[in-house]
Amino acid sequence: MKKHLTFLLLWAITLPLFAQTPVYLNPAAPLEDRVEDALQRMTLEEKVAVLHAQSKFSSAGVPRLGIPESWMSDGPHGVRAEVLWDEWYGANWTNDSCIAFPALTALAASWNPEVAALYGKSIGEEARYRNKNVLLGPGVNIYRTPLNGRNFEYMGEDPCLAAQMVVPYVREVQKNGVAACVKHFALNNQEIDRGHVNVQVSDRALYEIYLPAFKAAVQQGGAWAIMGAYNQYKDQHCCHNQYLLNDILKRDWGFDGVVISDWGGVHDTEQAIANGLDMEFGTWTNGMDWSKSDSYSRYYMAQPYLQLLKDGRADEKILNDKVRRVLRLVFRTNMSPNRPYGSFGTQEHAEAGRRIAEEGIVLLQNNRNVLPIDLSKTKSILVVGENAVKRMTIGGGSSSLKAKYEASPLAGIQARVGNAAQVTYVKGYESPAEREQDVKNAQEAQLKTIDAKALRAEAVEAAKSADVVLFIGGLNKNGGQDCEGADRAGLELPYEQDLLIAELAKANPSTVVALVSGNAVAMPWVAQVPAIVEAWYGGTEAGNAIAAVLFGDVNPSGKLPFTFPVRLQDNGAHAAGEYPGDGKSVAYRDDIFVGYRWLDKEKIKPLFAFGHGLSYTTFQYGKAVADKSKITASDAVTVTLSVKNTGVRDGAEVVQLYISDKKASLPRPVKELKGFKKIRLKAGEEQTVTFTIDQTALSFYSNVNGAWVAEPGEFEALIGASSADIRATVKFVLQ
Ligand code: GLC
């Protein structure tokens, strides 16, 4: 009896303590218990308040309950500088200069999921340190046309590559208690008419090409947030879209996170309520600049929603589902128990950025082994081109960054060469000044006239006497180039670079072209130039990464994440159409034949193929061997082959697996990427590479029964160093 009394007494004493710590504040409580407990404590006003912005990049918490605000920040390549509460202008903080990481095309070009993990970890630590609980990135929209102004923010033309690269990025960002917000869901593949264009696409193309990277981000990456796209699909804006958000994302994929609108992507209260939106941001803005000030209470999901609820004309069950998702976001981030503290602007992150940039650089051509440059034999180097000095971490739209520093290609080359050779620089060509980028004020811009002829003549004259000419050109982040809000007008390089490159090559046979860009370009001079490198936008350490490759400290191992067509008409969106549509809608008549899938179908030779990238060493592929010649739907075939480094330098090779369905009941691409492995091989070393192929790799999406189907019949595994350089094949049958 005494024991029981003691127990009761103890219980009576401790109970009030527990009663004082509500479940939602108990970090050890299960997530869903915390969500339910907080939800039932919130008033109607508090519930509505957390569903929409209160400033440019923040939404309300619940002060009464000690639930903090949510703070979002762009972007996919680094944490954007702080802007004023209710303005797009910078807040001029002195402690928000970030490390700018390479553009996501460079990450995709590394074909290395470990590098994607390093990227996510580094940018996640930066976002955490800046106290953001949502990073507005990565972007995984598929590269359909080379003209799309935002391709540089995405991961290329192939769903398998984008899917495998986005997962580690998301996982690692979120280990910092920061939500990745994967964007722009979905079908935002052009900037022209982006705010409303109604995309018409078959279910097959939607499921086989445009959704897989998002699905992987959600189901394998565990993404806590998704950003709706600006455009429409099936006549509904993607930020409130029954099909994409309620049916596919939340019902079919089981997404339990928040759907955040793009800035200005919400257009209607009832649709926002009914069609899957959870958080409204940036209304009455184009997402980049102008907007009504202090309009937040009038947002579609603010007062109008509250009024409907008060009038009993909106279902509180739907409201509660949205609020649960916001609370889940908060408990996974700001109120998560074991949240690290992050780090910002560190040398470690700069080195991570450099490694990503180095692994992403693609050696496109290297005739006569002009590269790497041998400084023991090179006494004078002429560097030509505006992109050798132009800052690329700023501009381009919402991914623009205030970088702590940016090593330009010229600076990187000068630092690397030291006094081993004489480095001279001439501009060669010049782009018109941009409002926020290159001029201090409008007057200077008007005064600035560009004498292209004189610039070119000066460069060509200087080229005659140099041992090596390094032309650093490409595109830039100016409007109409690699920039949000517009598409490029054509495939050609701008600012008369083609003319200059051709003349430089005539003046000096050792002319190397390094392109700083995020999109494919035409290269009419490709036969005149011995060596070409795609260097992407490399971020803070860009110049040092480019120099490391050009001078051979790093053996390039990047592979193209998208096709470089010889001409625009060789691309499916332009050959089959439509692009850019009629201003209201755009029909993806190229359907599933996006990128190399189109060129294979039409038997068109690309300028440089998807998956292409050379090395300073050579790799020999052995015979591909399958462990069985027949498989059933429930088992898999294992294909192995050896790869040997037959050169004199250590290097890395991306071994690519494509699958070809030899006989299908409906049109299928000639081959499709279904796997890849990046292997490091010392000079002379040989490794065995293994691919396991099950029926998911053999399936297509059937419009008929809305499911993935692997049809019995003959298949072929094609293993290659690029989509156009198949080194081994092996056939097998699905019974
Ligand atoms: C922009 C972009 C989006 C960005 C958002 C906030 O318009 O479309 O990617 O995250 O608005 O800047």
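Thresholds applied
Residues numbered from 1 in each chain as written. Predicted model: local features only at pLDDT ≥ 70, side-chain atom pairs only at ≥ 80, totals over all residues. Heavy atoms only, no water. Helix = DSSP H or I, 4+ residues; strand = E, 2+ residues; numbered from the N terminus. Rg over C-alpha atoms; globule rule 2.2 N^0.38 Å. Buried < 20%, exposed > 50% of the residue type's maximum accessible area, 1.4 Å probe, protein only. Contact = heavy atoms within 4.5 Å. Pairing = 2+ DSSP bridges. Axes fitted to C-alpha atoms, helices over the stretch in contact; angles between N-to-C directions. Near = heavy atom within 4 Å. Polar contact = N/O pair within 3.5 Å; in protein donor to acceptor, adjacent residues only side chain to side chain. Nonpolar A, V, L, I, M, F, W, Y, C, P; charged D, E, K, R; others polar. Core = buried A, V, L, I, M, F, W, Y, C linked by side-chain atoms within 4.5 Å.

Q: Could you give an account of the overall build of the protein chain, with specific residues and numbers?
A: A count of helical and extended segments in the protein chain gives 20 helices and 27 strands. Taking 2.2 N^0.38 as the reference for a compact globule, 735 residues should give roughly 27 Å; the C-alpha atoms of the protein chain span a radius of gyration of 27 Å, in line with that estimate. Principal-axis analysis of the C-alpha atoms places the extent of the protein chain at approximately 95 × 70 × 60 Å. Every one of the 735 residues in the protein chain was classed for burial, and the buried ones make up 62%. Considering only residue pairs separated by 6 or more positions, the protein chain has 76% of its internal contacts joining residues 24 or more positions apart.

Q: Which residues make up the sheet that holds strand 6 (residues 225–228), and what values do they have?
A: The strands that make up a sheet pair up through hydrogen bonds in the backbone, lying either parallel or antiparallel. As summarised here, the arrangement of the six strands in space is 1-2-3-4-6-9, forming an open sheet in which the pairing is mixed. At either end of the open sheet lies a strand with only one pairing partner, and these are strand 1 (58–59) and strand 9 (258–260). Sheet topology note: the strand 4 (residues 179–185)/strand 6 ladder contains three bridges and is parallel. For Phe185, the partnering residue across the bridge sits in strand 6 and is Gly228. Sitting on the sheet, helix 12 (residues 316–332) is in contact with strand 2 (70–73), strand 3 (134–135), strand 4 and strand 9, with an inclination near 100 degrees to strand 9.

Q: Any chance you could break down the site of the ligand for me, citing the residues and the numbers?
A: Around the ligand, the structure places 16 residues, and the nearest of them are Asp74, Lys183, His184, Tyr230 and Asp262. Gly287 is positioned with one of its backbone polar atoms (N or O) 3.3 Å from an oxygen atom of the ligand. The side chain of Glu484 places a nitrogen or oxygen atom 2.8 Å from an oxygen atom of the ligand. Grouping the constituent residues of the shell around the ligand by class yields five nonpolar, four polar and seven charged.

Q: I'd love a proper account of the pairing of strand 21 (residues 651–661), names of residues and values included.
A: Successive side chains on a regular strand alternate, one facing one side of the sheet and the next facing the other. Taken across its 11 residues, strand 21 has 11 buried, putting it largely inside the fold. Of the two faces of strand 21, the one holding Gly651, Glu653, Val655, Leu657, Ile659 and Asp661 and the one holding Ala652, Val654, Gln656, Tyr658 and Ser660 are both buried throughout. Here strand 21 runs beside strand 22 (residues 672–681); their pairing, made up of nine bridges, is antiparallel. Bridging across to strand 22, Glu653 finds its partner in Ile679.

Q: Talk me through the nonpolar core; I want residue IDs and the actual numbers.
A: Judged by nonpolar contacts, the single largest core of 124 residues is most densely connected at Leu107, Phe185, Ile260 and Trp263. Counting residues per element, this core draws most heavily on helix 6 (residues 159–174), which supplies 10 residues. Every residue in contact with Trp263, bar those within four places of it in the chain, is listed here: Lys56, Phe57, Met72, Trp88, Leu136, Met227, Tyr230, Phe281, Gly282, Thr285, Asn286 and Gly287. Ranked by size, the runner-up nonpolar core spans 77 residues in total, among them Ile361, Leu410, Ile472 and Val549.

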